[in-house]
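# Observations on the three-dimensional arrangement
Spelled out from the first residue to the last, the chains are:
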Amino acid sequence: MSSYRLHYFNGRGRAEVSRLIFAAVGQKFEDIRYEQNEWPTHQARMPLGEMPVLEYEGFKIPQSLTIARFLAKQFQLAGRDNFEQAKVDAIIDTISELALSLATISREKDEAKKQEGMRKLFTEEVPYHLQHLELLGKSYGIGGPFFVGNHLTWADLYFYDATENLLRINGTVLNRFPWLILNRQEIERQPKISAYLKSRPQTLF
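Residues numbered from 1 in each chain as written. Predicted model: local features only at pLDDT ≥ 70, side-chain atom pairs only at ≥ 80, totals over all residues. Heavy atoms only, no water.

The protein is annotated in an unreviewed UniProt entry as glutathione transferase from Rotaria magnacalcarata. Per UniProt, the protein has the following entry under Sequence similarities (unreviewed entry): "Belongs to the GST superfamily." (UniProt positions renumbered as here; feature names shortened; annotations may be inferred.)

Here is the structure:
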């Protein structure tokens, strides 16, 4: 039986959506976490010199969304046919645009520019993307609480993870989007995911 080894820093970050996929299906994996000061001694062994990296069947796979998409397909969380997969990918791409905006501003070194960037992000960009996600969820979810086809896909898990970061900054960010709130609540009600959320390490990022 093939084993899975996931390499990342000791944080949620870009590996957490893959961890959530493993948790959702009850798949065991080796969760290899590096502290920041340990990373330089391991960096040269990673394909692109960055993480996350998934080891599977003797190969190392880089790129966070590539890893998550592969795992979703492995465990039937990518959509049940090509059309559902296209809908899932539309959700993923929309979330990725939002996540990229937050990551870009978070890396800003100038504190004044960072504060102004965050203000603009939460007054303009975040509502813009959340409105789109609310619309897609209501359309593709066919009346249910999941983003696509009224069953769990990795789009739900990616949204849950991405909005954790937003909610830590602004706890009211979803208040205008009742369907998105319902979606997050449904994810937290999944028994295996709930157990993982309660037991996972509490980290800064």
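## A look at helix H5 (residues 154-169)
Since one α-helical turn is 3.6 residues long, residues separated by three or four positions face the same way. Helix length check: H5 (16 residues) gives 24 Å between terminal C-alpha atoms against 22 Å at 1.5 Å per residue, within 8%. Of all the positions in H5, only Trp154, Ala155, Asp156, Leu157, Tyr158, Phe159, Tyr160, Asp161, Ala162, Thr163, Glu164 and Leu166 are classed as buried. Where H5 is buried, its residues meet helix H1 (16-25), helix H2 (64-74), helix H3 (82-106), helix H4 (111-140), helix H6 (178-189) and helix H7 (191-199). (Helix = DSSP H or I, 4+ residues; strand = E, 2+ residues; numbered from the N terminus. Expected span 1.5 Å × (residues − 1). Buried < 20%, exposed > 50% of the residue type's maximum accessible area, 1.4 Å probe, protein only. Contact = heavy atoms within 4.5 Å.)

## With respect to the domain arrangement of the protein
If you check the domain split of the protein, you get domain 1 (4-75 + 193-199) and domain 2 (82-189). With centres defined by C-alpha atoms, the gap from domain 1 to domain 2 works out at 21 Å. With 15 residues of domain 1 at the interface, the matching set in domain 2 holds 15 residues. Between domain 1 and domain 2, the buried area comes to about 1,300 Å², and carbon and sulfur atoms account for 66% of it. A salt bridge links Glu164 to Arg12; the shortest N-O distance between them is 3.9 Å. Along the contact surface separating domain 1 from domain 2 lie 1 residue pair in polar contact (both at pLDDT 80 or more). At the level of secondary structure, the elements contributing two or more residues to the side of domain 1 that touches domain 2 comprise H1, H2 and H7. Considering only residue class, the side of domain 1 that touches domain 2 consists of 9 nonpolar, 2 polar and 4 charged. (Domains from an automatic or database assignment. Buried area = accessible area lost by both parts, 1.4 Å probe. Salt bridge = Lys/Arg side-chain N within 4 Å of Asp/Glu carboxyl O. Polar contact = N/O pair within 3.5 Å; in protein donor to acceptor, adjacent residues only side chain to side chain. Nonpolar A, V, L, I, M, F, W, Y, C, P; charged D, E, K, R; others polar.)

## Observations concerning the UniProt feature "domain: GST C-terminal" (unreviewed entry) in the protein
Taking the numbering used here, the UniProt-annotated feature "domain: GST C-terminal" (unreviewed entry) corresponds to residues 81-205. End C-alpha to end C-alpha, residues 81-205 measures 34 Å, and it is 74% helix and 0% strand.

## Regarding the layout of surface pockets
Reported here for the largest pocket is a volume of approximately 830 Å³. What lines the largest pocket is a set of 23 residues, and nearest its centre among them are Gly13, Arg14, Ala99, Ala103 and Asn165. Residue composition of the lining of the largest pocket, by class: 13 nonpolar, 5 polar and 5 charged. Two domains each put at least three residues into the lining of the largest pocket: domain 1 (4-75 + 193-199) and domain 2 (82-189). (1 Å grid on protein atoms, 1.4 Å probe; cavity = no way out; pocket = protein on both sides within 12 Å on 5 of 7 lines; lining within 4 Å. Points joined across faces, edges and corners; volume = space filled by probe spheres on them.)

## Observations regarding the sheet that holds strand S3 (residues 53-56)
Paired through their backbone hydrogen bonds, the strands of a sheet run either parallel or antiparallel. Strand order in the open sheet formed by 4 strands is S2-S1-S3-S4, with mixed pairing between adjacent strands. Sheet topology places strand S2 (30-34) and strand S4 (59-62) at the edges, where each strand pairs with a single neighbour. In this sheet, neighbouring strand axes are inclined to one another by 20 degrees on average, regardless of whether the strands run parallel or antiparallel. Here 4 bridges tie strand S1 (residues 4-9) to S3, and the two strands are oriented antiparallel to one another. Considered in S3, the bridge of Tyr4 is made with Tyr56. Packing against the sheet, H2 makes contact with S1, S3 and S4, and its axis sits at approximately 40 degrees to S3. (Pairing = 2+ DSSP bridges. Axes fitted to C-alpha atoms, helices over the stretch in contact; angles between N-to-C directions.)

## Considerations on the side chain of Thr203
Tracing the backbone through its elements, the reader meets Thr203 in the segment after H7. Under the relative-accessibility criterion, Thr203 is labelled buried at 13%. Within the local environment of Thr203, its side chain forms a polar contact with the backbone oxygen of Phe205, the two atoms lying 2.9 Å apart. Excluding residues within four positions of it along the chain, Thr203 makes contact with Asn10, Gly11, Arg12, Arg33 and Arg168.

## Describing the pattern of salt bridges
Any two side chains of opposite charge can pair, so long as their charged atoms come close to each other. Taken as a whole and assessed by the stated rule, the structure comprises 13 salt bridges. A salt bridge links Arg189 to Glu186; the shortest N-O distance between them is 2.9 Å. Residue Arg189 and its partner Glu186 are located together in helix H6, separated by 3 residues, close to a single helical turn. One salt-bridge network, held together by shared partners, links Arg12, Glu16, Arg19, Asp31, Arg33, Glu164 and Arg200.

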